[in-house]
Amino acid sequence: MNLPAPRRVVLDTDPGIDDALAILLALASPEVDLAALSIVHGNCTLAEAVTNALALAELGSRPDLVVAAGCDRPLLRPPVTAHDTHGTSGLGYARLPRGAAQAVEEHAVELLIREIMAAPGEVTLVAVGPLTNVALALRKEPRLARAVRECIFMGGAFRAEGNITPLAEFNVYADPHAAQIVLSSGMPLTIMPWDITRDVRLTLADVERLLARGGPIPRFIAEATRYYIEFHQREFGWAGCSINDPAALALAWWPDLAQMRDLYVEVELASELTLGKTVGDSGGRSGRAPNVRLVERFDATTFVARFLQRMEDLADRLAA
Ligand code: BDR
Ligand code: CA
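Below or above, wherever it landed, is the structure these notes cover. (Residues numbered from 1 in each chain as written. Chains lettered and ligands numbered in written order. Predicted model: local features only at pLDDT ≥ 70, side-chain atom pairs only at ≥ 80, totals over all residues. Heavy atoms only, no water.)

Here we look at the site of ligand 1
Inference 1: Inspection of the region around ligand 1 gives 13 residues, with Asp18, Asn43, Asn163, Glu169 and Asp245 positioned closest.
Inference 2: Val128 places a polar main-chain atom, nitrogen or oxygen, 3.0 Å from an oxygen atom of ligand 1.
Inference 3: Between Glu169 and ligand 1, the recorded distance is 2.4 Å, taken from a side-chain N or O atom to an oxygen atom.
Inference 4: Relative to its free-state accessible area of 280 Å², ligand 1 is covered by the protein chains to the extent of 96%.
Inference 5: Residue assignment for the shell around ligand 1 shows that the elements contributing at least two residues are α1 (17-28), α7 (170-173) and α12 (244-250).
Inference 6: Partitioning the shell around ligand 1 into residue classes produces four nonpolar, five polar and four charged. (Near = heavy atom within 4 Å. Polar contact = N/O pair within 3.5 Å; in protein donor to acceptor, adjacent residues only side chain to side chain. Areas by Shrake-Rupley, 256 points an atom, 1.4 Å probe, with all protein chains shown as cover. Helix = DSSP H or I, 4+ residues; strand = E, 2+ residues; numbered from the N terminus. Nonpolar A, V, L, I, M, F, W, Y, C, P; charged D, E, K, R; others polar.)

Below is the structure:
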């Protein structure tokens, strides 16, 4: 049987615990040809995020993976980080060894432009951090909006309160102006919002199942998610942690897990109180054409089962 060719993906990320799980899922999935990681400020500082990305590439036996450092702060706002959610290093209680690999010289904004323009219609951009790199790439090369196959973004909150302010979700809040640039770019854009991903949860029992497999991948996942689970327990009273970013990434090859609707979306930029709130025009009152495919439902049970299977496969592959 001929399998379809793997999809070329650039992952723009701020690792981050759930970002780390997204990187591992990409490495574990034959449907993905991971071109590069473009790194952005967000959950931790840019320098910490780059260090984490390189260590994760090493952990996944891909020291050759291209890692490019991008923007170290938002376009206009002061930087915000999420160390309380992701730990002092950004990876919870996990401490990964630093390998010899370095980030490439090329800036992540240049990398995004080069990768996407080199193969128009081929590259899927998955953005799971603040959108600063993507917005600057669009400003520098506006044709990117037509050349990208699709941009999948994890962020925003529509039918839920926010997770960083009363109304805003972290990735949009951390650079709301960049998010609005992306929304108004004309890019084919799918949004996986926090009101969906918060219900995609890994539990302690899931982690125990993985640990039974043995090896560095399960051990990393257990140490990173122990911190993340404690945070979710403390903050939301949930027994488990939301794995936002891998769920968004998976839409690149498992879109059947989601139900989506077309919607016009803008970001609140004027009010301090509601800054970064994603406003969807579900009643069609703005008269504007939809600029987003918004995920409204997602089969979290099937996804988590597939995610665990992929992590077990990766653990076995690296142990062989
Ligand atoms: C998003 O914010 C970050 O903390 C996570 O990595 C995820 O991308 C969830 O709101
Ligand atoms: Ca993230």
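Okay, back to it.
Remarks on the coordination of the calcium ion (ligand 2)
Inference 1: Protein-derived coordination of the calcium ion (ligand 2) comes from Asp14 (OD), Asp19 (OD), Asp19 (OD), Val128 (O) and Asp245 (OD), at a distance range of 2.3 to 2.6 Å.
Inference 2: Here the donor residues of the calcium ion (ligand 2) share one chain and are spaced in sequence as D-x4-D-x108-V-x116-D. Here Val128 is found in the loop between β4 (124-127) and α5 (132-140), whereas its partner Asp245 is found in helix α12, with 117 residues between them in sequence.
Inference 3: A relative accessible area of 2% places Asp245 in the buried class. (Donors = N, O, S within 2.8 Å, 3.2 Å for Na, K, Ca; no water. Buried < 20%, exposed > 50% of the residue type's maximum accessible area, 1.4 Å probe, protein only.)

Some points on the environment of Trp238
Inference 1: On the secondary structure map, Trp238 appears in the loop between α11 (216-236) and β8 (241-242).
Inference 2: In the structure, Trp238 is positioned 180 residues away from Glu58 in sequence and 32 Å away in space, judged by C-alpha atoms.
Inference 3: Excluding residues within four positions of it along the chain, Trp238 makes contact with Trp194, Arg198, Arg201, His232 and Gln233. (Contact = heavy atoms within 4.5 Å.)

Topic: α5
Inference 1: When we look at burial in α5, the residues that qualify are Thr132, Asn133, Val134, Ala135, Ala137 and Leu138.
Inference 2: Contacts from the buried residues of α5 go to β1 (7-13), β2 (32-39), α4 (108-118), β4, α6 (144-147) and α8 (176-183).

Here's the deal with the packing of aromatic side chains
Inference 1: In the structure shown here, the tally under the stated rule is eight aromatic pairs.
Inference 2: The interplanar angle of 75 degrees and the centroid separation of 5.2 Å between the aromatic rings of Tyr93 and Tyr227 together place this pair among those described as edge-to-face. Of this pair, Tyr93 sits in the loop between α3 (83-86) and α4 while Tyr227 sits in helix α11, and the two are 134 residues apart along the sequence.
Inference 3: Pairing Trp194 with Trp238 gives two aromatic rings, centres 6.4 Å apart and planes at 25 degrees, and the pair type is stacked. A residue pair is termed long-range when its members are at least 10 positions apart, and Trp194 in helix α9 (residues 194-197) and Trp238 in the loop between α11 and β8 qualify at 44 residues. Here the two residues Trp194 and Trp238 agree in accessibility, since each one is buried. (Phe/Tyr/Trp six-rings, centres within 6.5 Å; stacked < 30°, edge-to-face > 60°.)

Describing the environment of Phe236
Inference 1: If you trace the backbone, Phe236 turns up in helix α11.
Inference 2: Overall, Phe236 belongs to the partly exposed group, its relative accessible area being 27%.
Inference 3: When the C-alpha atoms of Phe236 and Asn163 are compared, they prove to be 9.8 Å apart, with 73 residues separating the residues in sequence.

Let's talk about the packing of α1 against helix α13 (residues 300-319)
Inference 1: In contact at an axis separation of 9 Å, α1 and α13 are set at 70 degrees when each is read in the N-to-C sense. Classified by the angle their axes make, α1 and α13 are roughly perpendicular. Like other packed secondary-structure pairs, α1 and α13 cross with a definite hand, here left-handed. From α1, Leu21, Leu24, Leu25, Leu27 and Ala28 reach across to α13, where they touch Phe303, Phe307, Arg310, Met311, Leu314 and Arg317.
Inference 2: Each residue belonging to the contact of α1 with α13 can be placed in one class, and the counts come to nine nonpolar, no polar and two charged. (Axes fitted to C-alpha atoms, helices over the stretch in contact; angles between N-to-C directions. Parallel < 35°, antiparallel > 145°, perpendicular 65-115°, else oblique. Left-handed = near helix turned anticlockwise from the far one by under 90°.)

Some points on the nonpolar core
Inference 1: Ranked by size, the top nonpolar core spans 72 residues in total, and within it Phe220, Phe298 and Phe303 carry the most contacts.
Inference 2: With 10 residues, α1 is the single largest residue contributor to this core.
Inference 3: Apart from the residues within four sequence positions on either side, Phe303 is in contact with Leu25, Val200, Ile243, Pro246, Ala247, Ala250, Trp254, Leu257 and Phe298.
Inference 4: Residues Ala108, Val134, Phe153 and Phe158 belong to the second largest nonpolar core, which totals 40 residues. (Core = buried A, V, L, I, M, F, W, Y, C linked by side-chain atoms within 4.5 Å.)

Remarks on the side chain of Asp281
Inference 1: Structurally, Asp281 can be placed in the loop between β11 (278-280) and β12 (292-298).
Inference 2: Within the local environment of Asp281, its side chain forms a polar contact with the backbone nitrogen of Arg285, the two atoms lying 2.8 Å apart.
Inference 3: Non-local contacts of Asp281, meaning those with residues more than four positions away in its chain, are made with Leu263, Tyr264, Ser286 and Gly287.

Some remarks on the state of the cysteines
Inference 1: Overall, the coordinates contain zero disulfides when judged by the stated rule.
Inference 2: The structure places no disulfide on Cys71, whose sulfur is separated from the nearest cysteine sulfur, that of Cys151, by 15 Å.
Inference 3: Counting only cysteine sulfurs, Cys44 is the nearest neighbor of Cys241, a cysteine outside any disulfide, at a range of 17 Å.
Inference 4: On the accessibility criterion, Cys241 (0% relative accessible area) is buried. (Disulfide = S-S within 2.5 Å.)

Nothing here speaks to function; it is geometry throughout.
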